[in-house]
Amino acid sequence: MADSGGPVSAKRCDSSFKPSSVSMDTITALTELEDLERVYQQLCTEEKDVEVELDKLVGQQGIINNKMMTLQRMGPNLQLIEGDASQLSGMITFTCSLAENTRLYKVIQRADDILDLKFCMDGVQTALHSEDYEQAAAHIHRYLSLDHSVDASLLMLQEAEQKLKVIVAERLDAAVAAVDLVQVERFFKIFPLLGLHQQGLARFGQYLCSQLASKAEENLLLATGGDVNEKRALLIFAETLTLLLEGIARVVETHQPIVETYYGPGHLYTLITHLQQECDRQAQKIVDKFIQQRDYHNKVVQNSMMKSQMPTERIEPRYRMSCQPVGFVDPLSQHQQSVEKLLKHCLLSTTMQELIGYYIPMEEYYMRESVNKAVAMDTYEKGQLTSSMVDDCFYIVKKCIGRALSSSNIDCLCAMINHSTSALESDFREVLYNKLRQGFPATTLQDIQRGVSSAVTLNNAEVCSENITTLKRNLENDCSKLFMQGPASGDHAKIDSCLADLDGLTELNATAIKPHVKPWITAFLSISHNIEEEEFNEYEANDPWVQQLIVNLEQVMAEFKTGLSPVSYDTLTSLMTSLVAIEMEKTVLKCTFSRLGGLQFDKELRSLVAYLTTVTTWTIRDKFARLTQMATILNLERVTEILDYWGPNSGPLTWRLTPAEVRQVLALRIDFRTEDIKRLRL
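Nothing here was measured: the structure is a model prediction, and the numbers come from that model.

**Some thoughts on the pattern of salt bridges**
Then step 1. Summed over all chains, the structure comprises 14 salt bridges.
Then step 2. The salt bridge partner of arginine 673 is aspartate 676, with a shortest N-O separation of 3.2 Å.
Then step 3. If you follow the salt bridges from partner to partner, you end up with Glu585, Arg626 and Glu661 in one network.

**Description of helix α22 (residues 595-614)**
Then step 1. Compared with the 28 Å implied by 1.5 Å per residue over 20 residues, the 30 Å span of α22 between its first and last C-alpha is a close match.
Then step 2. Looking at α22, one finds that the buried residues are Gly597, Gly598, Gln600, Phe601, Asp602, Glu604, Leu605, Leu608, Val609, Tyr611 and Leu612.

**Description of helix α9 (residues 236-262)**
Then step 1. Given a rise of 1.5 Å per residue, 27 residues ought to cover 39 Å, and the 39 Å separating the end C-alpha atoms of α9 matches this to within 8%.
Then step 2. The axis of α9 is deflected most strongly, by about 45°, at histidine 255, and proline proline 257 appears within four residues downstream.
Then step 3. Here α9 has its buried residues at Phe237, Thr240, Leu241, Leu244, Gly247, Ile248, Val251, Val252, His255, Ile258 and Val259.
Then step 4. Tucked inside the fold, the buried residues of α9 contact α7 (181-188), α8 (197-224), α10 (268-293) and α13 (347-376).
Then step 5. Trailing α9 by a residue or two, glycine 264 shows a phi angle of about 95°, which is positive.

**Here's the deal with the nonpolar core**
Then step 1. Within the largest apolar cluster, 51 residues are counted, with the highest numbers of intra-cluster contacts made by Phe601 and Leu608.
Then step 2. Within the residue set of this core, elements represented by two or more residues are α18 (504-522), α19 (533-541), α20 (546-561), α21 (566-588), α22, α23 (625-634) and α24 (659-666).
Then step 3. The greatest single-element share of this core, amounting to 8 residues, is contributed by α21.
Then step 4. Within the second largest apolar cluster, 42 residues are counted, among which are Leu208, Ile272, Leu348 and Leu355.

**A word on the packing of aromatic side chains**
A ring pair, where both rings are aromatic, is described by two values, the distance of the centres and the angle of the planes.
Then step 1. Applying the stated criterion across every chain yields a total of 6 aromatic pairs.
Then step 2. Aromatic pair phenylalanine 237 and phenylalanine 290: ring centres 5.6 Å apart, planes at 70°, arrangement edge-to-face. Of this pair, phenylalanine 237 sits in helix α9 while phenylalanine 290 sits in helix α10, and the two are 53 residues apart along the sequence.
Then step 3. On the accessibility criterion, phenylalanine 237 (4% relative accessible area) is buried.
Then step 4. With a centroid separation of 4.9 Å and 70° between ring planes, the pair formed by phenylalanine 524 and tryptophan 545 is classed as edge-to-face. With phenylalanine 524 in the loop between α18 and α19 and tryptophan 545 in the loop between α19 and α20, the pair connects residues that are 21 residues apart, well separated along the chain.
Then step 5. Looking at phenylalanine 524, the relative accessible area reads 0%, which means it is buried.
Then step 6. Among the aromatic residues, those joined into a ring-pair cluster are Phe524, Trp545, Phe593 and Phe601.

**Details of the packing of α19 against α22**
Then step 1. Two elements in contact, α19 and α22, have axes whose closest approach is 10 Å; the angle formed by their N-to-C orientations is 15°. By the angle class used here, α19 and α22 are roughly parallel. Here α19 and α22 pass one another in a crossing that is right-handed. Between α19 and α22, the residues in contact are Glu533, Phe536, Tyr539 and Glu540 and Leu596, Leu599, Gln600 and Lys603, respectively.
Then step 2. Looking at the contact of α19 with α22 residue by residue, the class counts come to 4 nonpolar, 1 polar and 3 charged.

**Here we look at a negative patch on the surface**
Then step 1. A cluster of acidic residues, Glu532, Glu533, Glu534, Glu535 and Glu538, forms a negative patch at the surface.
Then step 2. Tracing the backbone shows glutamate 534 in helix α19.

**Digging into the side chain of serine 650**
Then step 1. As for its placement among the helices and strands, serine 650 is situated in the loop between α23 and α24.
Then step 2. A polar contact of 2.8 Å, which involves the side chain of serine 650, links it to the backbone oxygen of glycine 647.
Then step 3. Excluding residues that lie within four positions of it along the chain, serine 650 makes contacts with Tyr645 and Trp655.

**Some words on the environment of threonine 350**
Then step 1. Note that threonine 350 resides in helix α13.
Then step 2. In sequence terms threonine 350 and aspartate 280 are 70 residues apart; their C-alpha atoms lie 9.7 Å from each other.

**Observations concerning the confidence of the model for the chain**
Then step 1. On average, the chain scores 75 in pLDDT, and the residues at 70 or more come to 71%.
Then step 2. Low pLDDT (under 50) marks residues 1-17, which in the prediction has 13 contacts with non-local residues, meaning those over four places away or in another chain.
Then step 3. A low-confidence stretch, residues 440-452 (pLDDT under 50), is modelled with 18 contacts involving residues beyond four sequence positions or located in other chains.

**Things to note about the side chain of histidine 529**
Then step 1. When you line up the elements, histidine 529 lands in the loop between α18 and α19.
Then step 2. One polar contact links histidine 529 to glutamate 604, side chain to side chain, over a distance of 3.1 Å.
Then step 3. If near-sequence neighbours (up to four positions away) are discounted, histidine 529 is found in contact with Phe524, Thr592, Phe593, Ser594, Gly597, Gln600, Phe601 and Glu604.

So, how was this worked out
Residues numbered from 1 in each chain as written. Predicted model: local features only at pLDDT ≥ 70, side-chain atom pairs only at ≥ 80, totals over all residues. Heavy atoms only, no water. Salt bridge = Lys/Arg side-chain N within 4 Å of Asp/Glu carboxyl O. Helix = DSSP H or I, 4+ residues; strand = E, 2+ residues; numbered from the N terminus. Expected span 1.5 Å × (residues − 1). Buried < 20%, exposed > 50% of the residue type's maximum accessible area, 1.4 Å probe, protein only. Bend = angle between axes of the 7 residues up to and from the residue. Contact = heavy atoms within 4.5 Å. Core = buried A, V, L, I, M, F, W, Y, C linked by side-chain atoms within 4.5 Å. Phe/Tyr/Trp six-rings, centres within 6.5 Å; stacked < 30°, edge-to-face > 60°. Axes fitted to C-alpha atoms, helices over the stretch in contact; angles between N-to-C directions. Parallel < 35°, antiparallel > 145°, perpendicular 65-115°, else oblique. Left-handed = near helix turned anticlockwise from the far one by under 90°. Nonpolar A, V, L, I, M, F, W, Y, C, P; charged D, E, K, R; others polar. Patch = residues over 30% accessible without salt bridge, like charges linked within 9 Å, V, L, I, M, F, W, Y side chains within 5 Å. Areas by Shrake-Rupley, 256 points an atom, 1.4 Å probe, with all protein chains shown as cover. Lys, Arg positive; Asp, Glu negative; His and termini not counted. Charge placed at Lys NZ, Arg CZ, Asp CG, Glu CD. Polar contact = N/O pair within 3.5 Å; in protein donor to acceptor, adjacent residues only side chain to side chain. pLDDT = per-residue confidence, 0-100.

Here it is in structure tokens:
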């Protein structure tokens, strides 16, 4: 037993943390029993100690498992930390490499700057000595762009810079005084190389302004010294001002490439600022001379005095006529916006606004007086559909608006549109309206002259409507071409109001046709429709009413057909048809009918509708729909037959009569009992 337990114990001892004190060699060498027992007891003691130690380790298994689980959960985080650490290491490596390259580039750049600076120091002296100022300026420009900390010995270059600036300025002033454009442009190109952009533009602008002033004074002298009887004398100041503006535009167009090439984009605005100041001065001289020579202020005062004696409507000023649709965005650059702002607020713009302010009342007075004169001199030539005042008035209005449009000033155009609208509404429209209200004489239809006058007035109203449409369309086209945008809808509405009340056809229908048509239709009451078969046959042989009505209508409309335009005549015929239908309906409700009387009314109505259909291009069946349904009801054989045509049985027929009106028409039949009519469920 001791022999079998020895190796096992030894193996356990080998696997223990503390090695056994008895080795295998010692055990193998033992020969005595006592020694073997003693060693055996020692090994047993050690085995017990090992078992105790193992029990302790087994007891710690749960703690070790928990720690292992914690380590497993930390695994992904440790992988992320490892990736971030690798990325950070790469960034640090790249930054280190870049820093080393940047330092190397700066070192190379610094060496190049030192070499360029030495080259500039040598080159500027040589260029100044040979009077090659362009080359000297190029060296100075290169020196100014270098890092001045690379060399402390820059005194020579600084002195050369100041010397070159003085020389270039003196040479440019001398070229300006000598009016030597070639030399002026030569030294003008050198200024930006020396960093003197504003000084160069100011001196060049002064030279250009002197040239413009000289030419403008020469043109003004020619304008004031010419013969006032010459053909172009009235436009001489406008042409002088045009020459000034064209000259400035030509100067800007010519020198724009030079400025943008040598001074860079955006510097053209500075030059334009100097030119605009000279333009303001010269334009003011031209305007002052115009006002003085034409005695302009006295004419304005006289016009104001004459206007104060005229009763006129107050027209609200509209200082700005917006020509931009909702949502429009102007894609102007900052430079272009600066130029627009400069031109808008310059002295020339203010002067033109004042001049236009004087012009508008004078144009308004001329237009009103001319329109009144055209109305007073209105004539009519036989064979013409309209009188003279229509063409004359609209020609005057068109000319006045055209002059306002030619000013290219939106405020001026808007004001003249308002004044034109006011003149058409107050002066011209009232004349047409009053003539239309007079209508035809109530005593006879044979007053041909009066009839032609009313027809011509009606044609005038129609042509006015066409002229207004044409005027609006042409104005829109002209505005779109001049302002590159469409005029505002508010101005359209203002012009539309010119003819809002010119409903002349209704007036003519009420005054010239209704007084005669109504008695003719009222004569229907004198013809009995409570008839028997004998009377029905007699009516069929000799029509008692409808044929005479047709003859009378044909006669009265024939008088208008020769004097009215086709459109006006057709419209008047449509109004007459509506009048006949309304009066017929009122008259029928005052009569009584038998079965044959209802049939006779149906025949009369069909004859009347057939005639009216031939004299107009308008559809009239809709206007006689109620009368046609009344004739259908009066032709029924019994009261309940109406149910075959009413409600679900109506089919495509749309009833224009209400149930109460149907009962009212049924009551006109003398053979229908009131009780049967009341029992109907409609």
